[in-house]
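# Analysis of the macromolecular model
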Amino acid sequence: WHIECSAMASHILGSSIDVHSGGQDLRFPHHDNELAQSEAYHNCNQWVNYFVHSGHLHIDERKMSKSLKNFITIRESLSKYSSRQMRMMFLQHRYEAVMDYSEDSMEAAHNVERQFQEFFHAVKALNREKSMTANQYWGAAEKDLHAALVQTRRDVHTKLQDNFDTPSVILALSALVSKTNVYLSTHADPAAAAQVSTVLVHSVAQYITDMFRVFGLIETHEVGFGSVTQGGGEAALAGA
């Protein structure tokens, strides 16, 4: 088994591989044996630059397996949840850790999706009420929110560099939404509403949209989510 993979990979990729992937169960002994065989054959000190080992999928805290009769297909999942909800659930787990698919984990993903959906609705409503070309007030509250946006950008960049830590990224974006919601709530009465910086709020929504587009949560070029709803994922699968 090990020598077959070493031979095929060496034949196709040669004496150096940049990224080698596989499940966590292949770290030892399979990939260790591949390294020993291939580095000896190629007479090199490092045959693979980076290994990417993904965690296993569990169904209700048990490893998914046909023998356990807990096997669920993507198509079956998309008949109940949207593709965006599925992706949100994936993003809430580190790729190298065990991912538990259950009603609880999907409900958690749905709740996070709802938070962002409600935020995007609020931003669109604000844009309808006050144009971004209107005079923009810039006081202490605006400076504080802008600083939070800048810091979140830095934090997200750092977390993605740390072995693609997407759960921490989602938490950071969620915290930014909460802070923006607090800012909006303090400008709820008509007098204060005139001082809301629509440009700043839109910048927060645009940044989150851009990140979600990177993660495959958003496909349009507009700010916010599209119209995919629960159970609508199978249609997208059929059209893929």
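Below: a short report on this structure. (Residues numbered from 1 in each chain as written. Predicted model: local features only at pLDDT ≥ 70, side-chain atom pairs only at ≥ 80, totals over all residues. Heavy atoms only, no water.)

## Details of the pairing of strand 1 (residues 17-23)
By the bridge criterion, six bridges tie strand 1 to strand 2 (residues 48-54) in an arrangement that is parallel. Considered in strand 2, the bridge of Gly-23 is made with Ser-54. Since strand 1 and strand 2 lie parallel, the crossover through helix 2 (residues 27-42) that links them has a hand, and here it is right-handed. (Pairing = 2+ DSSP bridges. Helix = DSSP H or I, 4+ residues; strand = E, 2+ residues; numbered from the N terminus. Right-handed = clockwise from strand over helix to strand, strands pointing away.)

## What to know about the packing of helix 5 (residues 103-129) against helix 9 (residues 198-214)
The packing of two helices is summarised by the inter-axis angle and the distance between the axes. At a closest axis distance of 10 Å, the pairing of helix 5 and helix 9 adopts a crossing angle of 140°. Between helix 5 and helix 9, the crossing angle belongs to the class labelled oblique. Along this stretch, helix 5 crosses helix 9, giving a crossing that reads as left-handed. Contacts between helix 5 and helix 9 involve Phe-116, Phe-119, Phe-120, Val-123, Leu-126 and Asn-127 from the first element and Thr-198, Val-201, His-202, Val-204, Ala-205, Ile-208, Thr-209 and Phe-212 from the second. Of the residues belonging to the contact of helix 5 with helix 9, the class tally is 10 nonpolar, four polar and no charged. (Axes fitted to C-alpha atoms, helices over the stretch in contact; angles between N-to-C directions. Parallel < 35°, antiparallel > 145°, perpendicular 65-115°, else oblique. Left-handed = near helix turned anticlockwise from the far one by under 90°. Contact = heavy atoms within 4.5 Å. Nonpolar A, V, L, I, M, F, W, Y, C, P; charged D, E, K, R; others polar.)

## Description of the packing of aromatic side chains
Under the defined criterion, the tally for this structure stands at six aromatic pairs. Aromatic pair Phe-116 and Phe-212: ring centres 4.8 Å apart, planes at 75°, arrangement edge-to-face. With Phe-116 in helix 5 and Phe-212 in helix 9, this pair connects stretches of sequence that are 96 residues apart. With a relative accessible area of 0%, Phe-116 lands in the buried category. Taken together, the ring pairs in this structure connect Phe-116, Phe-119, Phe-120, Phe-212 and Phe-225 into an aromatic cluster. The side chain of Arg-84 reaches across the aromatic face of Phe-225, ending 4.0 Å from its centre. (Phe/Tyr/Trp six-rings, centres within 6.5 Å; stacked < 30°, edge-to-face > 60°. Buried < 20%, exposed > 50% of the residue type's maximum accessible area, 1.4 Å probe, protein only. Lys NZ or Arg CZ within 6 Å of the ring centre and 35° of its normal.)

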